[in-house]
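The primary structure of each chain is shown beneath.
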Amino acid sequence: MTKAEIKKIVDQDISKSKRMIQLYNGGLEVKEIAAIMGVRYNFVYNVVSNYCRMNDVQMRVVVKENKKATIIKLIEAGKTNVEISAETKCCYNYVFGVRKAYEKEKEKAAAAK
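Residues numbered from 1 in each chain as written. Predicted model: local features only at pLDDT ≥ 70, side-chain atom pairs only at ≥ 80, totals over all residues. Heavy atoms only, no water.

**Q** Explain the packing of aromatic side chains here, please?
**A** Each aromatic ring pair is specified by the distance between its two centres and by the angle formed by the two planes. Following the criterion strictly, the structure yields one aromatic pair and no others. With a centroid separation of 6.3 Å and 15 degrees between ring planes, the pair formed by Y41 and Y45 is classed as stacked. Linking Y41 with Y45, this pair stays in helix α4 (residues 41-54), spanning four residues, or about one helical turn. Here the guanidinium or amino end of R60 rests over the ring plane of Y24, the centre of that ring lying 3.9 Å away. (Phe/Tyr/Trp six-rings, centres within 6.5 Å; stacked < 30°, edge-to-face > 60°. Helix = DSSP H or I, 4+ residues; strand = E, 2+ residues; numbered from the N terminus. Lys NZ or Arg CZ within 6 Å of the ring centre and 35° of its normal.)

Dropping the structure here:
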């Protein structure tokens, strides 16, 4: 969606909710809509999620890889806690906790076999 299209929607004389829905249907994410309209994320999310439920539309979900998943990949690659902490810019104690939980989960899975 171009800036001109966004401006055209935002400048319309309709309710905020209808503008949010038009922007969402135009491909923008909830976070972007909130920033453009100068409202809180939760407001946009509630409007969009209600619209999706009422119209049987699947809500788009942005999947981002979180730090925990990245840390687990690095553990599996054989990195040390210090290396992982430096590479991910995470607190050493957090990396330690993730490794501990990951290894405990691996032990459970191995025992269940």
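Resuming the write-up.
**Q** Explain a nonpolar patch on the surface here, please?
**A** A cluster of nonpolar side chains, V82, Y92 and F96, forms an exposed patch at the surface whose accessible area comes to about 300 Å². Residue placement: Y92 occurs in helix α7 (residues 92-112). A residue is classified by how much of its surface remains accessible, and Y92, at 39% relative accessible area, is partly exposed. (Patch = residues over 30% accessible without salt bridge, like charges linked within 9 Å, V, L, I, M, F, W, Y side chains within 5 Å. Areas by Shrake-Rupley, 256 points an atom, 1.4 Å probe, with all protein chains shown as cover. Salt bridge = Lys/Arg side-chain N within 4 Å of Asp/Glu carboxyl O. Buried < 20%, exposed > 50% of the residue type's maximum accessible area, 1.4 Å probe, protein only.)

**Q** Is there a simple way to explain the nonpolar core in this structure?
**A** Buried together is how nonpolar side chains tend to be arranged in soluble globular proteins. In this structure, M20, L23, I33 and V44 are the most contacted members of the largest nonpolar core, which totals 18 residues. Within the residue set of this core, elements represented by two or more residues are α1 (3-10), α2 (16-25), α3 (30-37) and α4. Tallying contributions element by element places α4 first for this core, with five residues. Apart from the residues within four sequence positions on either side, M20 is in contact with I33, M37, V39, F43, V44 and V47. Listed in part, the eight residues of the second largest apolar core include I71, I75, C90 and V98. (Core = buried A, V, L, I, M, F, W, Y, C linked by side-chain atoms within 4.5 Å. Contact = heavy atoms within 4.5 Å.)

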